[in-house]
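# Structural features, examined
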Amino acid sequence: MQPSLNTFITLLPEQALEQAREEEAAIARGEYKGALQGIPIGLKDNLATAGIRTTLGTKVLQDFVPDEDAEVAIRCRAAGAIILGKENMEEFAAGATSNNPHFGPVRNPWGTDHIPGGSSGGGGANVAAEVTFASLGTDLGGSVRLPGSFCGVVGLKQTFGRVSQRGLLVTSFNGDHIGPMTRSVADSAIVLQAIAGHDPLDPSSVPVPVSDYSAGLARGVRGLRMGVPSNYYFEDLEPDVEEATLRAIAALEELGAISVPVELPMMKYIGAVRMAAMSDAIVTHEPFLRSNRDDYGPDVLYRTLGGQFVLGHHYSKAMKAQRLIQEDYARVLQDVDFIVTPTTPLCAPRIDAPYIEHLGETHRVRGPGSGLVSRNTSPLNATGHPAITVPSGLNHAGLPIGLQFIAAGFREDLLFQVAASYEGVSPSQGRRPPVLQG
């Protein structure tokens, strides 16, 4: 699949085979490490791996080799997982397409002329194409959930602080997450079980007990209150996405969930919060812009440079807006058990489309002003709430559609319970991408 989908930047065949032999021998000795032992996974190429090239998808760091593993890599190795390689991604994880100008675009297994979503596109495509059991991506604005939606797999952004960010390179100071992409909700629960937990060396990590995430998968949704937003999330939807989402809500009601209309009025300020991300980006990239500006791809360069025009009082207003939005979600999640939304307003655009026509308007797909794709995912990075995308069908062109569930902080157990219940009746059950049907 690597030549056709271009999902890896660095493959590790010899290391993977050695790991497999070691885990096979351990199992033979009765040394059982858990459900991930001997299981193939991929790591996004912005997660540090000791002694292994970690490029962040950019020419700027094409020869960078870290001295230490990211904490999630340490935990995956300890669980016996076998790392197949470092996965292709949007340059510096700064975009929603995974059209990488240095290592080539990642292609979607459901339509190889289409993007897999970004920035963790290599991981989403690998999971959909059954190359990896799971792939770890990073999610600052939807970069796990977008590939989940566009590639027809499950993508989890857990609560901010649930999983250590140590070893996540060149990231924001506010709202980034490391999360799994898998082919089922049960598999997502297994991976989160392995990587969750307090890391005393990561200031963003929170010492909250880790639940047994697999225990409640069969509990269903009967009697749970399902929040259906009356503003923001259901605006600007492609007809196929809207239809699939309404069918999913009806299916959840048939399973016993109780629909409750909810309003999130402070979402009118979400654009201000995105200004804070621009400011964070220019600070993060400043040393590289000084030393290697010519090595940047144009989309990331111009997207990043805009942050220099965000003034101090703009940033402060963005933080105020973020707090107001967080309070909105806290209030709503006192009245309902979970919220349901479309994951994205549209299905995967073509790789060669810098612009798309969406409901009569022209939108950029990549670079500055390309927020349409991540419109429904990025707010949860600002609030820190856990969110998961689950496949909810295909559009008229055979491309996947995703359904997003949101829960209160550190209620990943409930999120998995709801997502697993819907997954059992989703029209995506049993569907496989065309690259596996030939």
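Parameters and conventions
Residues numbered from 1 in each chain as written. Predicted model: local features only at pLDDT ≥ 70, side-chain atom pairs only at ≥ 80, totals over all residues. Heavy atoms only, no water. UniProt positions renumbered as here; feature names shortened; annotations may be inferred. Helix = DSSP H or I, 4+ residues; strand = E, 2+ residues; numbered from the N terminus. Buried < 20%, exposed > 50% of the residue type's maximum accessible area, 1.4 Å probe, protein only. Polar contact = N/O pair within 3.5 Å; in protein donor to acceptor, adjacent residues only side chain to side chain. Contact = heavy atoms within 4.5 Å. Expected span 1.5 Å × (residues − 1). Bend = angle between axes of the 7 residues up to and from the residue. Pairing = 2+ DSSP bridges. Salt bridge = Lys/Arg side-chain N within 4 Å of Asp/Glu carboxyl O.

An unreviewed UniProt entry lists the chain under the name Glutamyl-tRNA(Gln) amidotransferase subunit A, with Geodia barretti as the source organism. What UniProt states about the chain under its Sequence similarities (unreviewed entry) heading is, verbatim, "Belongs to the amidase family."

## Brief notes about the side chain of Thr55
One can find Thr55 in the loop between strand 2 (40-44) and helix 3 (71-78). Thr55 gets classed as buried once you look at its relative accessible area, which sits at 0%. Here the side chain of Thr55 touches Asp45 through a polar contact of 2.5 Å, side chain to side chain. At 2.9 Å, the side chain of Thr55 and the backbone nitrogen of Gly57 are in polar contact. In this view, Thr55 contacts Ile9, Asp45, Leu61, Gln62 and Phe103; residues no more than four positions away in its chain are not counted.

## With respect to the side chain of Arg375
Mapped onto the secondary structure, Arg375 falls in the loop between strand 13 (361-364) and helix 11 (379-383). Given a relative accessible area of 13%, Arg375 falls into the buried group. One polar contact links Arg375 to Glu235, side chain to side chain, over a distance of 3.2 Å. Excluding its chain neighbours within four sequence positions, the residues that come into contact with Arg375 are Tyr232, Tyr233, Glu235, Asp236, Arg274 and Pro345.

## Topic: unusual backbone geometry
Here the bond from Gly118 into Ser119 is cis, since omega is 10 degrees, no more than 30 degrees from zero. For Ser119, the position within the fold is in the loop between strand 5 (104-105) and helix 4 (121-128). Even without a glycine there, the phi angle at Glu130 is positive, about 60 degrees. Counting through the fold element by element, Glu130 comes out in the loop between helix 4 and strand 6 (134-138). Backbone geometry places Phe410, a non-glycine residue, at a positive phi of 65 degrees. Within the fold, Phe410 resides in the loop between strand 15 (400-406) and helix 12 (412-423). Phe410 sits in the partly exposed class, given a relative accessible area of 22%.

## Some words on helix 8 (residues 270-292)
Here helix 8 contains 23 residues, and its C-alpha end-to-end distance of 32 Å stays within 8% of the 33 Å for a straight helix at 1.5 Å per residue. The largest bend along helix 8 reaches roughly 55 degrees and is located at His285, with the proline Pro287 sitting one to four residues downstream. Turning to helix 8, the residues buried within the fold contact helix 9 (298-305), helix 10 (312-335) and helix 11.

## A word on the pairing of strand 8 (residues 178-182)
For strand 8, the tally of buried residues reaches 5 of 5 residues, placing the bulk of the element in the interior. In terms of strand pairing, strand 6 meets strand 8 through 5 bridges, oriented antiparallel. Bridging across to strand 8, Leu136 finds its partner in Pro180. Two elements, strand 7 (residues 154-157) and strand 8, share 2 bridges in a ladder whose sense is antiparallel. Looking at the pairing, Val154 lines up with Thr182 of strand 8.

## Re the pattern of salt bridges
Taken as a whole and judged by the stated rule, the model has 21 salt bridges. Where Glu286 meets Arg290, a salt bridge forms, and the shortest distance between an N and an O atom there is 2.9 Å. You can see Glu286 and its partner Arg290 sitting in helix 8, 4 residues apart, about one turn around the helix. A relative accessible area of 68% places Arg290 in the exposed class. What you see here is one network of salt bridges that share partners, running through Glu71, Arg75, Arg166 and Asp199.

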